[in-house]
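# Structure assessment
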Amino acid sequence: MKKIVKLLSVLAVSLLVSISVFAKQVVYVGTNAEFAPFEYLEKNQIVGFDIDLLNAISKETGIEFKVKDMAFDGLLPALQTKKVDLVIAGMTATPERQKTVLFSKPYFTAKQVIITKGEDKSLKSFDNLAGKKVGVMLGFTGDSVVSEIKGAKVERFNAAYAAIMALNQGKIDAVVLDSEPAKKYIANSKQLMIANVPAEEEDYAIAVRKNDKALIEKIDAAVAKIKANGEYDKILKKYF
Ligand code: GLN
């Protein structure tokens, strides 16, 4: 009898161990793979800084992330309607967004920049965009920045490359975009440049639903580890 009990308990323990090994926590992730170097498509695969960061978090936490590509302005609605459980998309943790989602600690600092075709000497500050046609991406922080400038004529685009194309064709006077993707666009062009004007810093963070505090705490702890053990710097070096 004792033997059977022992055998059963050994079986039960090994069953539990195997369940915990195989039953990985799966978290569905939304991103918008049009934001190099944070997320972009390479041979039909979503790659980039954010994806490497996610993989490093996965190694730390054991969470399995499944990434879906969608329009940027659909990301937070997809989070709210549980189509995804987490958003990583070079997303700025704005006070407005903080009303509806829970953000991780910041993992990257960026700013908005003004891209022009050729030098525009009239640009000393963002306010000098007044009277100009300015391309922004729908729902990006650049959209809200330019929308607040009195007299600026905001032209909203669904994708940054479309705004850059309009700028190249002389249909608009400037594009306001996050600093790192902007650098990528001007690197591929002889005429495009970034105006040297002061800009406020903004923080990129990972978003989850308001009630997923445990998940975001896990992620914050993992990112802290990744920053401390040098993994974060390795990923930085790879993309910047
Ligand atoms: N940082 C900007 C924002 O949060 C743009 C992000 C993006 O296009 N992926 O609105």
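As shown above, the structure is provided for reference.
So, a few notes on the structure that sits alongside this text. (Residues numbered from 1 in each chain as written. Predicted model: local features only at pLDDT ≥ 70, side-chain atom pairs only at ≥ 80, totals over all residues. Heavy atoms only, no water.)

### Some thoughts on unusual backbone geometry
The amide bond that connects A36 to the next residue, P37, takes the cis arrangement and shows omega of 5°. With respect to the helices and strands, P37 occurs in the loop between β2 (34-35) and β3 (39-42). Even without being glycine, K43 reaches a positive phi, approximately 50°. Topologically, K43 is positioned in the loop between β3 and β4 (45-47). (Helix = DSSP H or I, 4+ residues; strand = E, 2+ residues; numbered from the N terminus.)

### Examining the site of the ligand
Surveying the vicinity of the ligand reveals the residues F35, F72, A89, G90, M91, T92, R97, F140, T141, D178, E202 and Y204. With respect to the ligand, the backbone of A89 contributes an N or O atom lying 2.6 Å from a nitrogen atom. If the ligand stood free it would expose 290 Å²; the protein chains cover 100% of that surface. Partitioning the shell around the ligand into residue classes produces 6 nonpolar, 3 polar and 3 charged. (Near = heavy atom within 4 Å. Polar contact = N/O pair within 3.5 Å; in protein donor to acceptor, adjacent residues only side chain to side chain. Areas by Shrake-Rupley, 256 points an atom, 1.4 Å probe, with all protein chains shown as cover. Nonpolar A, V, L, I, M, F, W, Y, C, P; charged D, E, K, R; others polar.)

### Description of the pattern of salt bridges
With the rule as written, the count across this model stands at 10 salt bridges. Between E96 and K99 there is a salt bridge whose closest N-O contact spans 3.1 Å. Of the two residues, E96 and K99, both sit in the exposed class. Residue E231 pairs with K234 through a salt bridge whose shortest N-O separation is 3.7 Å. Placement of both E231 and K234 in helix α9 (residues 231-239) is noted, with a separation of 3 residues, approximately one turn of the helix. (Salt bridge = Lys/Arg side-chain N within 4 Å of Asp/Glu carboxyl O. Buried < 20%, exposed > 50% of the residue type's maximum accessible area, 1.4 Å probe, protein only.)

### Brief notes about the environment of L102
Of note, L102 is situated in strand β7 (residues 101-103). Residue class for L102 comes out partly exposed when judged on its relative accessible area of 21%. Taking C-alpha positions, L102 is 9.8 Å from L86, a pair spaced 16 residues apart along the chain.

### Brief notes about the sheet that holds β2
The 3 strands are arranged β2-β3-β4 in an open sheet whose pairing can be described as antiparallel. The open sheet is flanked by β2 and β4, the only strands paired with a single partner. Two elements, β2 and β3, share 2 bridges in a ladder whose sense is antiparallel. Considered in β3, the bridge of F35 is made with E39. (Pairing = 2+ DSSP bridges.)

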